[in-house]
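Spelled out, the chains give:
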Amino acid sequence: MIKVSSLSKTFTSSIKEPGIKGSLISLFHRQKQSKEALKSVDLEIQQGEIIGLIGANGAGKTTLVKILAGIVHPTSGDVKVLGFTPWKRPNEYRKQMSLIMGQKNQVWWDLPALDSFLLLKEIYQIPVAQYKRNVEFLAETLMIKDQLKTQVRKLSLGERMKIELMAALLHNPKVIFLDEPTIGLDLSAQKAVRHFLREYQKEFRPMTILTSHYMEDIKELCPRVVIIKEGQFVYDGALSKIQGVLGDEKVVSVTTQSETFRIHVPRQDLANKTHQIFQEHDVIDLNIQDPSIEEVIESIMRTGVHTT
Amino acid sequence: MNWWKHVMLMELRKILAYRSDFWITFLGQTLIQLLVARSLWQMIFASEGVKVMNGYSLEMMNLYYLIIPIGTRMLSGENIGFVSREIYEGTFTRYLLYPISVFQYKTLTYMTYSLFYGLQLFLLYSLYRLFFTTSSITVMDFSNLLLGVGLFLLASLTYLLMAMLIELIALWADNIWTLIVMLKFFVTFLGGGFVPLTFFPALFQDILRWTPFPYLIQVPAQTIMGMSQSQDIFRAIALLLIWALIFMELIKIVWKRGEKQYTGVGI
């Protein structure tokens, strides 16, 4: 189980005025600024549960994941994952945990994936039979069998992400942190990764925290969501409770001869509303999208769904 | 500890993965440095009109500069930025996630390079002595060669710790490139990588004897050439080990501070 109590993290960085004057001054004196990435958050996750952590850029979701994975030390508060304090990094904990980052590579670029897997087999002391079974299962489910002997740097972004997933799951972790696993992937690759994650969750029942900017990821994989805004949880509860905002609403962007505007439209009214727009305006361009994470959060705040 | 073997084999595969890079560093770089040094020292010896300068004949100087390029490459192991580059790129995070010691991992990868270059040094020096040297001033002796390469390996370990100390500052500092370049320059200069230390003032040489520098480059090179006495070799081993222990203690302090400030940049 994961238990987070009153967890806070403050980052300090130096700031510099723009221009050459600012650069010269910074040689002698630098101003410091602090940013509270997490403000006393609490969270509990049970074995087998998968939660979606959503928030705008800079909201604090990656900081939380980094602390839980043991990469970053918190400023205050307490965390226990499987009974371990993550940032002390005991090997027993690291053997049961995995962090997958959508934009960062953990396998070795200069080598074929199978070479990296063999090393990971030794590092995690995976028994031969389990290693063979897992490589087979993961490669099959991810449909990446033919690329395992190709140098990783020569693979496409989607293929590399699948290799990253394989590398991170070879040792059957009990806790998985997925930080934007579908970022930058095309639609079919996103779909394949989502399908795989669903199958893996069904098969092995790990505790999983998923952060994503794509609402599709959250809707398909996470029965429970935590929404984080400026370092604080603004919602922690069932996805179904906010399904209206996540799934039933579309954003229509309209450009006419004289103006550009955006409106939120319930899904069931979409056909009528667009018809009405075409009748009332001289439309040049019309675009229908899912609401952005920022808009979803704003909407949830507006409709008054609060932390459970 | 089976992963040790796998890490070393994987590094070896990485070294051999790029064919042109391998041949350019093995032969190209070594031969160019040797030819430049050879023509310079030929001119110096000719203008001074002497056969021996500060204990070195022209032929010994040639041998010295054959050893130095590969010897310094052994010392530099995985090359500068082997930790800081990964910290800045964000890939350092993987060593914090894997259930192994980051220091063990980095030492293994570094020493794989050193061992590989050590083998190159062994081969190139043996071939050169067999086919090109005619002098009887220094006698080709495989035990000296083995001892010298062994000293270079120990020196690589000490230098690794020295470099690690600087590299880990990247855990909180935005740019440590200048520090790394300065370290490399001082080690090469004070270790006898540019000119043998016998060309330095006597007082300066006496001071240097208590630092790790002469034992990183000059003493191993001289050992290969059969110019070192056994007491020089023992002193080199003792001082390299003492300095290695000092650097290890300093690394513990830097790591303790650094890991708390590490932000996992790039992720």
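Please read all numbers here as calculations on a predicted model, not as lab measurements.

Across its full length, chain A carries 11 helices and 12 strands. C-alpha extents for chain A along the principal axes are approximately 70 × 55 × 45 Å. When contacts within chain A are restricted to residue pairs at least 6 apart in sequence, long-range pairs at least 24 apart make up 72% of them.

The next thing to look at is the overall build of chain B. Scanning chain B from N- to C-terminus turns up 12 helices and two strands. When the helices and strands of chain B are listed from N to C terminus, the series reads α-α-β-β-α-α-α-α-α-α-α-α-α-α. Relative to its length of 267 residues, chain B is compact, with a C-alpha radius of gyration of 19 Å against a globular reference of 18 Å. Taking the principal axes of the C-alpha coordinates as reference, chain B spans close to 60 × 45 × 30 Å.

Turning next to the sheet that holds strand 4 (residues 76-81) of chain A. All names here are of chain A. The sheet built from three strands is open, its strands ordered 2-1-4 with antiparallel pairing. Where the open sheet ends on each side, the last strands, each with one partner, are strand 2 (31-45) and strand 4. The mean inter-strand angle of the sheet, taken between neighbouring strand axes irrespective of direction, is 30°. Pairing of strand 1 (residues 2-15) with strand 2 involves 11 bridges; the strand directions are antiparallel. The residue of strand 2 that forms the bridge with Ile2 is Ile45.

On to the nonpolar core. Within the largest apolar cluster, 133 residues are counted, with the highest numbers of intra-cluster contacts made by Leu68(A), Leu165(A), Met166(A), Ile227(A), Tyr64(B) and Ile67(B). A domain-level breakdown of this core finds at least three residues from each of domain 1 (2-7 + 44-231) and domain 2 (245-303) of chain A.

Residue and element names in this part refer to chain A. One way to put it is that helix 5 (residues 128-142) packs onto helix 6 (residues 157-169) with a least axis distance of 10 Å and a crossing angle of 155°. Our classification of the angle between helix 5 and helix 6 gives roughly antiparallel. The interaxial crossing formed by helix 5 with helix 6 has right-handed handedness. Touching Leu138, Ala139 and Leu142 of helix 5 are Lys162, Leu165, Met166 and Leu169, all from helix 6. Residues belonging to the contact of helix 5 with helix 6 are distributed by class as follows: six nonpolar, no polar and one charged.

The subject of this paragraph is the interface of chain B and chain A. The partner chain A presents 26 residues to the 23 residues of chain B that form the contact. Here the element with the most residues in the side of chain B that touches chain A is helix 1 (residues 2-17) of chain B; it accounts for eight residues.

What follows covers helix 4 (residues 113-123) of chain A. Of the positions making up helix 4 of chain A, those classed as buried are Ala113(A), Asp115(A), Ser116(A), Phe117(A), Leu120(A), Lys121(A) and Ile123(A). Tucked inside the fold, the buried residues of helix 4 of chain A contact helix 5 and helix 6 of chain A together with helix 1 of chain B. Gln125(A) sits one or two residues past helix 4 of chain A and shows a positive phi near 50°.

Residues and elements named next belong to chain A. Reading across the sheet, the three strands line up as 11-10-12 and stay open at both edges, with antiparallel pairing between neighbours. Looking at the sheet topology across the chains shown, the edges are occupied by strand 11 (260-266) and strand 12 (283-289). The average angle at which neighbouring strand axes cross in this sheet is 20°, direction not considered. When strand 10 (residues 249-256) meets strand 12, the two strands line up antiparallel, connected through six bridges. Its bridge partner lying in strand 12, Val254 is registered against Leu286.

It is worth spelling out the confidence of the model for chain B at this point. Residue and element names in this part refer to chain B. On average, residues of chain B score 89 in pLDDT, and 96% of them reach the 70 mark or higher. Taken element by element, the predicted model of chain B shows its lowest mean pLDDT in helix 2 (residues 19-48) (84) and its highest in helix 10 (residues 213-216) (96). Both scores are available for the predicted complex, with the pTM at 0.82 and the ipTM at 0.79.

So, on to the pairing of strand 5 (residues 97-101) of chain A. A regular strand places its side chains on the two faces of the sheet in alternate fashion. Residue and element names in this part refer to chain A. With five of its five residues buried, strand 5 lies for the most part within the structure. Two strands pair when backbone bridges link them, and strand 5 and strand 6 (residues 175-179) are joined in this way by five bridges, in the parallel orientation. Across the sheet, Met101 pairs through a bridge with Asp179, a residue of strand 6.

Take helix 6 (residues 102-131) of chain B next. Between its first and last C-alpha, helix 6 of chain B extends 44 Å over 30 residues, near the 44 Å set by a 1.5 Å rise per residue. Turning to helix 6 of chain B, its buried residues number three or more, namely Lys106(B), Tyr110(B), Met111(B), Thr112(B), Tyr113(B), Ser114(B), Phe116(B), Tyr117(B), Gly118(B), Leu121(B), Tyr125(B) and Arg129(B).

This part is about the confidence of the model for chain A. The predicted coordinates of low-pLDDT regions are not to be read in fine detail. Mean pLDDT over chain A works out to 86, with 94% of the residues at or above the 70 mark. Considering each helix and strand of chain A separately, the mean pLDDT is smallest for helix 9 (residues 243-247) of chain A, with a value of 62, and largest for strand 4 of chain A, with 96.

Residue and element names in this part refer to chain A. Here the phi dihedral of Met143 falls at roughly 55°; this positive angle occurs in a residue that is not glycine. Relative to the helices and strands, Met143 is located in the loop between helix 5 and helix 6. Not every positive phi belongs to a glycine, and Arg205 is a case in point at roughly 50°. When you line up the elements, Arg205 lands in the loop between helix 7 (187-204) and strand 7 (207-211). Looking at Arg205, the number of C-beta atoms within 10 Å reads 13, which means it is partly exposed.

Let us look at the packing of helix 7 (residues 142-167) of chain B against helix 8 (residues 177-190) of chain B. When two helices pack together, their arrangement is given by the angle between the helix axes and the distance between those axes. All names here are of chain B. Relative to each other, helix 7 and helix 8 sit at 155°, their axes nearing to 10 Å. Comparing their axes, helix 8 and helix 7 come out roughly antiparallel. Read as a crossing pair, helix 7 and helix 8 show a hand that is right-handed. Seen from helix 7, the contacting residues are Tyr159, Ala163 and Ile166; seen from helix 8, they are Leu179, Ile180, Leu183 and Val187. For the contact of helix 7 with helix 8, the residue count by class is seven nonpolar, no polar and no charged.

What follows covers the environment of Ile297(A). All names here are of chain A. Mapped onto the elements, Ile297 comes out in helix 11 (residues 293-303). Classification of Ile297 as buried rests on a count of 21 C-beta atoms within 10 Å. Excluding its chain neighbours within four sequence positions, the residues that come into contact with Ile297 are Gly55, Ala56, Ile227, Lys229 and Val234.

Rules used in this analysis
Residues numbered from 1 in each chain as written. Chains lettered and ligands numbered in written order. Predicted model: local features only at pLDDT ≥ 70, side-chain atom pairs only at ≥ 80, totals over all residues. Helix = DSSP H or I, 4+ residues; strand = E, 2+ residues; numbered from the N terminus. Contact = placed C-beta atoms within 7 Å. Rg over C-alpha atoms; globule rule 2.2 N^0.38 Å. Pairing = 2+ DSSP bridges. Axes fitted to C-alpha atoms, helices over the stretch in contact; angles between N-to-C directions. Core = buried A, V, L, I, M, F, W, Y, C linked by C-beta atoms within 7 Å. Buried ≥ 20, exposed ≤ 12 C-beta atoms within 10 Å, placed from the backbone. Domains from an automatic or database assignment. Parallel < 35°, antiparallel > 145°, perpendicular 65-115°, else oblique. Left-handed = near helix turned anticlockwise from the far one by under 90°. Nonpolar A, V, L, I, M, F, W, Y, C, P; charged D, E, K, R; others polar. pLDDT = per-residue confidence, 0-100. Expected span 1.5 Å × (residues − 1).

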